[in-house]
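# Inside the fold
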Amino acid sequence: MSTYVAGHRGMVGSAILRKLQVQGVETLTRTHAELDLTQQAAVRSFMQIEKPDTVILAAAKVGGIHANNTYPAEFIYENIMIESNVIHQAFEAGVQNLLFLGSSCIYPKLADQPMREDALLTGPLESTNEPYAIAKIAGIKLCESYNRQYGVDYRSVMPTNLYGPGDNFHPENSHVLPALIRRFHQATQSGANTVSVWGSGTPRREFLHVDDMADATLFVMELDKATYDRETDPMMSHINVGSGTDVSIHDLAETIARTTGFQGDIVFDATKPDGTPRKLMDVSRLSRMGWQATIDLEDGIQETYAWFLDQSERALRQS
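Residues numbered from 1 in each chain as written. Predicted model: local features only at pLDDT ≥ 70, side-chain atom pairs only at ≥ 80, totals over all residues. Heavy atoms only, no water.

Here we take up the overall build of the protein chain. When helices and strands are tallied, the protein chain shows 11 helices and 13 strands. Computed over the C-alpha atoms, the radius of gyration of the protein chain is 19 Å, within 12% of the 20 Å expected from 2.2 N^0.38 for a compact globule of 319 residues. Along the three orthogonal principal directions, the C-alpha set of the protein chain runs to about 60 × 50 × 35 Å. Burial analysis of the protein chain (319 residues in total) assigns 50% to the buried set. A separation threshold of at least 6 residues defines the contact pool for the protein chain, and within that pool the share at least 24 residues apart is 82%. By element, 48% of the accessible surface of the protein chain is carried by carbon and sulfur atoms, the whole surface being about 14400 Å². Once the 27 positive and 40 negative side-chain charges of the protein chain are each reduced to a mean point, those two points are 2 Å apart. (Helix = DSSP H or I, 4+ residues; strand = E, 2+ residues; numbered from the N terminus. Rg over C-alpha atoms; globule rule 2.2 N^0.38 Å. Buried < 20%, exposed > 50% of the residue type's maximum accessible area, 1.4 Å probe, protein only. Contact = heavy atoms within 4.5 Å. Areas by Shrake-Rupley, 256 points an atom, 1.4 Å probe, with all protein chains shown as cover. Lys, Arg positive; Asp, Glu negative; His and termini not counted. Charge placed at Lys NZ, Arg CZ, Asp CG, Glu CD.)

If you want it as structure tokens, here you go:
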């Protein structure tokens, strides 16, 4: 019995892979150089040869507000191609069990908070990441359509904002939490007196440690079908995964400042976009199934910063 983890080098995929290996599960992986998931023929060949028993689709093109605004065509095209190829070719190879990882950005910009699963497709999306969101919605509907037509068991989980070891700390293309870690770290190292943060600081965001996400992913994968079907609907089958609590960007910045030892002033640049005013997931569906997050945000940020420092030191030693 083998499990193919698509996107095993990414933050989420690598965390899932670690947990599977601890459990002694036989895993299949391919790097992007070995298998380009946007190429239909290559994915077909891989699936037909390897014939995995289970597929976890964690591969995606991801990025923050700047990246989504700058490369909208790449975000919608590459993600739709990855999802279409992996899901369809998994079906063609006889895979009965698949789990697709989506995103909380699938919900309308002004969705009621906390966001319930049935808020999907009830209003306009946040414009800065609409292409990415559309692709993720397509992934959910691909899974549901194959379930309805062919009777397979393809499930979807919608993670909130994730962070942790393996995150992307790029100065322009990263998400808010790792971007702030890098910015505050550099300010501390250089002795800067101020750090500028995009936006007003008032938007609220929910964050989930990647190890919690990996645990939730395998929890949902292993649920018996009767329990999964009882808590979901054939046309609204996705499950929110989050911590159930949120924090303002202002408070997040202060927490990261403390973690990195920054003692200067934090300046919020209101000329930069805020994005969605609030993004908090309603996680009651998953809670009823028996799962909840366990890693505290401040503890998780400290662990993530320690990982960032370790990677930075390794890079210096190798240069």
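A word on the environment of V197. By secondary structure assignment, the location of V197 is in strand 7 (residues 194–198). Classification of V197 as buried rests on a relative accessible area of 2%. Distance in space between the C-alpha atoms of V197 and I249 is 8.8 Å, their sequence separation being 52 residues. The residues touching V197, leaving out its near neighbours within four places in the chain, are L180, R183, F184, I249, A253, I266, V267, F268 and D269.

For the rest of this paragraph, the subject is the packing of aromatic side chains. Summed over the entire model, instances satisfying the criterion amount to 10 aromatic pairs. For the pair F75 and Y132, a centre-to-centre distance of 6.1 Å together with 80° between the ring planes defines the contact as edge-to-face. One end of the pair, F75, is in helix 4 (residues 72–92); the other, Y132, is in helix 5 (residues 130–150), and 57 residues separate them in sequence. With relative accessibility at 1%, the residue F75 sits in the buried group. Among the aromatic residues, those joined into a cluster by ring pairs are F91, Y146, Y150 and Y154. Here R155 stacks its cationic end above the ring of Y228, 4.4 Å away from the centre of that ring. (Phe/Tyr/Trp six-rings, centres within 6.5 Å; stacked < 30°, edge-to-face > 60°. Lys NZ or Arg CZ within 6 Å of the ring centre and 35° of its normal.)

Here we come to the sheet that holds strand 13 (residues 278–279). In spatial order, the strands read 11-8-13; together these 3 strands make up an open sheet with mixed pairing. Pairing within the sheet leaves two strands with one partner each, and these edge strands are strand 11 (247–248) and strand 13. Two elements, strand 8 (residues 204–205) and strand 13, share 2 bridges in a ladder whose sense is parallel. Bridged to R204 within strand 13 is R278. (Pairing = 2+ DSSP bridges.)

Helix 5 packs onto helix 4 with a crossing angle of 15° between their chain directions and a minimal axis gap of 8 Å. The angle between the axes of helix 4 and helix 5 places the two elements in the roughly parallel class. As helix 4 packs across helix 5, the resulting crossing turns out to be right-handed. Across the interface between the two elements, P72, F75, I76, N79, I80, E83, S84, I87, H88 and F91 from helix 4 touch P131, Y132, I134, A135, K136, A138, G139, L142, C143, Y146 and Y150 from helix 5. Tallied by class, the residues present in the contact of helix 4 with helix 5 amount to 15 nonpolar, 4 polar and 2 charged. (Axes fitted to C-alpha atoms, helices over the stretch in contact; angles between N-to-C directions. Parallel < 35°, antiparallel > 145°, perpendicular 65-115°, else oblique. Left-handed = near helix turned anticlockwise from the far one by under 90°. Nonpolar A, V, L, I, M, F, W, Y, C, P; charged D, E, K, R; others polar.)

Axis angle and axis distance: for two packed helices, these are the angle between their axes and the distance between the axes, and together they describe the pair. Where helix 6 (residues 176–190) contacts helix 9 (residues 249–260), the axes come no closer than 9 Å and their chain directions differ by 45°. If you check the angle between helix 6 and helix 9, you find them oblique. Helix-helix and strand crossings are classified by hand; for helix 6 and helix 9 the assignment is right-handed. For the pair helix 6 and helix 9, the contacting residues are V176, L177, L180, I181, F184, H185 and T188 in the first and I249, L252, A253, I256, A257 and T260 in the second. Along the lines of polarity and charge, the residues of the contact of helix 6 with helix 9 split into 10 nonpolar, 3 polar and no charged.

Across its 21 residues, helix 4 extends 30 Å between first and last C-alpha, which sits within 8% of the 30 Å expected from 1.5 Å per residue. Tucked inside the fold, the buried residues of helix 4 contact helix 2 (40–50), strand 3 (54–57), helix 3 (65–70), strand 4 (97–101), helix 5 and strand 5 (153–159). Backbone geometry just downstream of helix 4 places G94 in the positive-phi region, at approximately 90°. (Expected span 1.5 Å × (residues − 1).)

A separate point is the pattern of salt bridges. Tallying each qualifying case throughout the model produces 11 salt bridges. The salt bridge partner of E144 is K141, with a shortest N-O separation of 2.9 Å. In this pair, E144 and K141 both sit in helix 5, 3 residues apart, roughly one turn of the helix. Its relative accessible area of 22% is what places K141 among the partly exposed residues. Measuring nitrogen to oxygen at the nearest pair gives 2.9 Å for the salt bridge that ties D153 to R155. For the pair formed by D153 and R155, the shared burial category is buried. Put simply, R204, D246 and R278 are held in one network by salt bridges that share partners. (Salt bridge = Lys/Arg side-chain N within 4 Å of Asp/Glu carboxyl O.)

The next point concerns helix 5. Structural remark: α-helix, 3.6 residues per turn; residues separated by three or four positions point the same way. If you check helix 5, its first and last C-alpha atoms are 30 Å apart, about what 21 residues at 1.5 Å a residue would give, namely 30 Å. At its buried positions, helix 5 is contacted by helix 3, helix 4, strand 4 and strand 5. One or two positions beyond helix 5, positive phi appears at G151, with a value near 75°.

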